Amino acid sequence: MSDWFSFKHLLVSIGFMVAMWLPALLSTEGQAAVARPAGAAAASSRRVHIVAIKDMKYQPPTLTVEVGDTVEWKNEDIVSHTVTSVTKAFDSGTIKRGHSWKLVVKKRGTFDYTCTLHPNMKGVLIVR
Ligand SMILES: [Cu+2]
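None of the values given here were measured: they were computed from a predicted structure.

For the rest of this paragraph, the subject is the nonpolar core. One finds Tyr58, Val71, Trp73, Val83, Phe90, Tyr113 and Leu125 to be the most contacted residues of the largest nonpolar core, which totals 19 residues. Within the residue set of this core, elements represented by two or more residues are strand 1 (48-54), strand 3 (62-65), strand 4 (70-75), strand 6 (100-104), strand 7 (109-114) and strand 8 (122-127). For leucine 125, the residues in contact, after removing those within four places along its chain, are Leu63, Val65, Val71, Trp73, Phe90, Leu103, Val105, Gly109, Thr110, Phe111 and Tyr113.

With that settled, the discussion passes to the pattern of salt bridges. Summed over the entire model, instances satisfying the criterion amount to 1 salt bridge. Among the salt bridges present, the one from lysine 54 reaches glutamate 76, with a minimum N-O distance of 4.0 Å. Residue lysine 54 is located in strand 1, and its partner glutamate 76 is located in the loop between strand 4 and strand 5 (84-85); the two are separated by 22 residues in the primary sequence. Given a relative accessible area of 37%, lysine 54 falls into the partly exposed group. Judged by relative accessible area, which is 43%, glutamate 76 ranks as partly exposed.

Turning to the sheet that holds strand 1, a few remarks are in order. Strand order in this open sheet of 4 strands is 2-1-4-6, and the pairing throughout is mixed. Both edges of this open sheet fall to strand 2 (57-59) and strand 6, since each of them pairs with a single strand only. Pairs of neighbouring strands in the sheet enclose a mean axial angle of 20 degrees, with direction left out of account. Two strands pair when backbone bridges link them, and strand 1 and strand 2 are joined in this way by 3 bridges, in the antiparallel orientation. Each bridged residue has a counterpart across the sheet, and for lysine 54 the counterpart in strand 2 is lysine 57.

Here we take up the environment of phenylalanine 111. For phenylalanine 111, the location among the structural elements is in strand 7. Between the C-alpha atoms of phenylalanine 111 and lysine 88, which are 23 residues apart in sequence, the distance is 9.3 Å. Leaving out residues up to four positions away in the same chain, phenylalanine 111 has contacts with Ala89, Phe90, Gly123, Val124, Leu125 and Val127.

Definitions and cut-offs
- Residues numbered from 1 in each chain as written.
- Predicted model: local features only at pLDDT ≥ 70, side-chain atom pairs only at ≥ 80, totals over all residues.
- Heavy atoms only, no water.
- Core = buried A, V, L, I, M, F, W, Y, C linked by side-chain atoms within 4.5 Å.
- Buried < 20%, exposed > 50% of the residue type's maximum accessible area, 1.4 Å probe, protein only.
- Helix = DSSP H or I, 4+ residues; strand = E, 2+ residues; numbered from the N terminus.
- Contact = heavy atoms within 4.5 Å.
- Salt bridge = Lys/Arg side-chain N within 4 Å of Asp/Glu carboxyl O.
- Pairing = 2+ DSSP bridges.
- Axes fitted to C-alpha atoms, helices over the stretch in contact; angles between N-to-C directions.

That's the geometry; what it means functionally is another story.
Below is the structure:
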């Protein structure tokens, strides 16, 4: 009889423990939801920088970014331009007026660039 009593007691204890754990198990979904904005924040630390091409100039002429950042050159002039590294590390090809070109920066260094159509145009991209 006392064996049966302790068995019942054990069942009640197990039932109680499951009841205690259930909210914790359900809340893992909540924790995953909380983890998502943190991941989004990490992704957004990779910035997008804009360089306007206007009045036959890169504006700003010198830009400092970090590896993983994106640089977007926007041609706001009425003629075509290029963004061409003097060492050929990158080359946009022709960017028509009103168009833009994006580069995801992968290497550190200082990159002088020019426009192959207007070699007097000069810019510098510094990647830290
Ligand atoms: Cu040009």
